[in-house]
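Below, each chain spelled out in residue letters.
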Amino acid sequence: MSGLKDAGHLFRFLGLFVIAFLVFWVIRGYVVPRSFGEYGHYRGAAIAEIASHPIKFAGHQACEQCHTDEADTKSKGAHVHVNCEACHGALAQHANDPTSMTPVKPDSAVLCARCHTASAAKPKGFPQVDPADHSNGVPCATCHNPHSPVIGSDAKTTADAKKTAATGTKAATGGAK
Amino acid sequence: MNISRRHILVLLPAAALAWKHVLAGTPEDSPNYKLSEHWWGMLIDIPKCIGCGNCVRACQAENDVPDGFFRTWVERYHVSDYHLENPEVISPDGGKEGFPVAQEDNGKYFFVPKMCNHCSDSPCTQVCPVGATFVTPDGVVLIDQTYCLGCAYCVQACPYGCRYIHPTKKVADKCTLCYHRITKGLTTACCEACPTGARQLADLKNPNDPIHEFLKTHAVQVLKPQMATGAKAFYNGLDGSVR
């Protein structure tokens with residue numbers, strides 16, 4: 001054992017290393033989140049946390065459960081693929097508890113124009129009009145049922161629409177002259 | 001058992017708390033969702049986009065995106081004759097309120113909605129020094145905002161400019177592909193709000209997803225394919241001038 005007679009300082013060093021490693025191990029146990037490394041080099045629990053955020057858009061399936069008439073009208077019209085909340089806005093709160101929040105009826109002058117204002121940048125097949133020229137200030141919903149916009153495609157609005165369109169455009173063009 | 005008034009005073013609030021917990025439940029839970037059964041992407045059909053900005057507004061409403069920052073935005077390209085290399089691109093306020101009316105000329109116009117491409121070999125996750133951003137087993141690039149330091153390495157690394165530092169949280173923020181919605185069986189807010197079907201959520205692991213038929217029958221491209229990011233935002237009708 002004479003070889004180890006002068007090796008005491010080495011063992012002290014080794015002891016220090018072992019203690020340092022243990023301290024590191026204990027601190028690491030506290031600092032690194034438990035789910036870190038579950039799927040990769042990140043905190044696995046973060047996935048479930050992000051997935052648990054509340055939703056704001058209910059989704060058209062939720063709307064159609066109650067508003068069957070509108071869904072029915074829409075399913076036969078040109079707006080069949082336009083989802084409810086594309087126009088009415090995010091309404092998960094209303095879907096969860098209809099009394100807690102009543103949606104505001106969208107302003108058709110702003111809403112319709114957003115998509116249907118004519119522009120050379122839009123795809124050629126997309127129905128577009130110059131709002132000033134097309135309706136002369138008469139609100140779109142006077143003639144078009146937004147849920148089934150082609151005039152004549154919806155029996156309920158057609159009669160009203162023809163009446164108001166006749167008087168409305170006459171009055172409007174009269175005003176313009 | 002003899003319950004005194006003192007006992008009831010102690011028990012009532014406890015019972016109320018317990019009942020509140022029962023009432024609240026865990027409504028946002030998604031117990032039937034399996035990470036291994038999905039591989040998410042997005043289909044963006046450029047010829048269908050009308051530049052209405054519905055997706056941008058929907059995204060901001062759904063995800064509380066601060067004003068002036070965008071998880072998705074729409075660009076309008078104007079490529080005049082012989083100028084494929086120099087398109088004129090505008091995106092006023094991310095296209096949130098639509099675009100100014102364009103006049104017909106000898107060039108061409110089109111809209112390009114942009115968002116996180118949810119790359120499977122994403123440069124942004126590779127540079128994160130703390131493991132705060134990652135690709136989930138179902139193919140969505142997410143940020144663990146409780147872990148993010150806000151160093152912005154990822155913001156610089158993203159070749160598509162899809163990340164930003166949140167002005168109040170001071171951590172990286174970006175599109176989550178509405179992870180809180182798709183794990184509950186809903187589509188993303190932008191897809192829900194798109195009136196023309198120009199954006200469609202795609203689950204590449206679902207054999208019944210229409211994406212497979214679409215990819216087979218259309219000429220589809222991703223942005224910056226030369227960067228080999230494994231981007232999963234598939235663009236139909238992507239013009240060569242798009243950067």
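Source: prediction; values computed, not measured.

### Structural notes on the environment of Val140 of chain B
Residues and elements named next belong to chain B. Residue placement: Val140 occurs in the loop between β5 (133-135) and β6 (141-143). When its relative accessible area of 0% is taken as the criterion, Val140 is described as buried. Each C-alpha atom of the pair Val140 and Tyr179 lies 7.8 Å from the other, and the pair is 39 residues apart in sequence. Once residues lying within four places of it in the same chain are set aside, the contact partners of Val140 are Trp40, His118, Phe134, Val135, Thr176, Leu177, Tyr179 and Ile182.

### A short note on the confidence of the model for chain A
When pLDDT is low, close inspection of the predicted coordinates is not appropriate. Residue and element names in this part refer to chain A. Chain-level pLDDT for chain A is 85 on average; 84% of the residues reach the 70-or-more range. When mean pLDDT is compared element by element in chain A, helix α2 (residues 45-51) scores highest at 96, while helix α10 (residues 155-176) scores lowest at 44. Contacts from residues 161-177, a stretch scored under 50 in pLDDT, to residues over four places away or in other chains number 11 contacts.

### Looking at the confidence of the model for chain B
Residues and elements named next belong to chain B. Considering every residue of chain B, the mean pLDDT works out to 91; 91% of them sit at 70 or more. Predicted confidence is poor over residues 23-28, with pLDDT under 50, and the contacts of this stretch with residues over four places away or in other chains come to six contacts. For this predicted complex, the interface score ipTM comes out at 0.82, while the overall pTM is 0.83.

### Points about unusual backbone geometry
Residues and elements named next belong to chain B. Residue Lys170 is not a glycine yet carries a positive backbone phi of 60°. For Lys170, the position within the fold is in the loop between β7 (164-165) and β8 (172-173). The exposure class of Lys170 is exposed, given its relative accessible area of 54%. Here Leu177, not a glycine, exhibits a phi torsion of approximately 55°, which is positive. For Leu177, the location among the structural elements is in the loop between β8 and α5 (179-182).

Definitions and limits used
Residues numbered from 1 in each chain as written. Chains lettered and ligands numbered in written order. Predicted model: local features only at pLDDT ≥ 70, side-chain atom pairs only at ≥ 80, totals over all residues. Heavy atoms only, no water. Helix = DSSP H or I, 4+ residues; strand = E, 2+ residues; numbered from the N terminus. Buried < 20%, exposed > 50% of the residue type's maximum accessible area, 1.4 Å probe, protein only. Contact = heavy atoms within 4.5 Å. pLDDT = per-residue confidence, 0-100.

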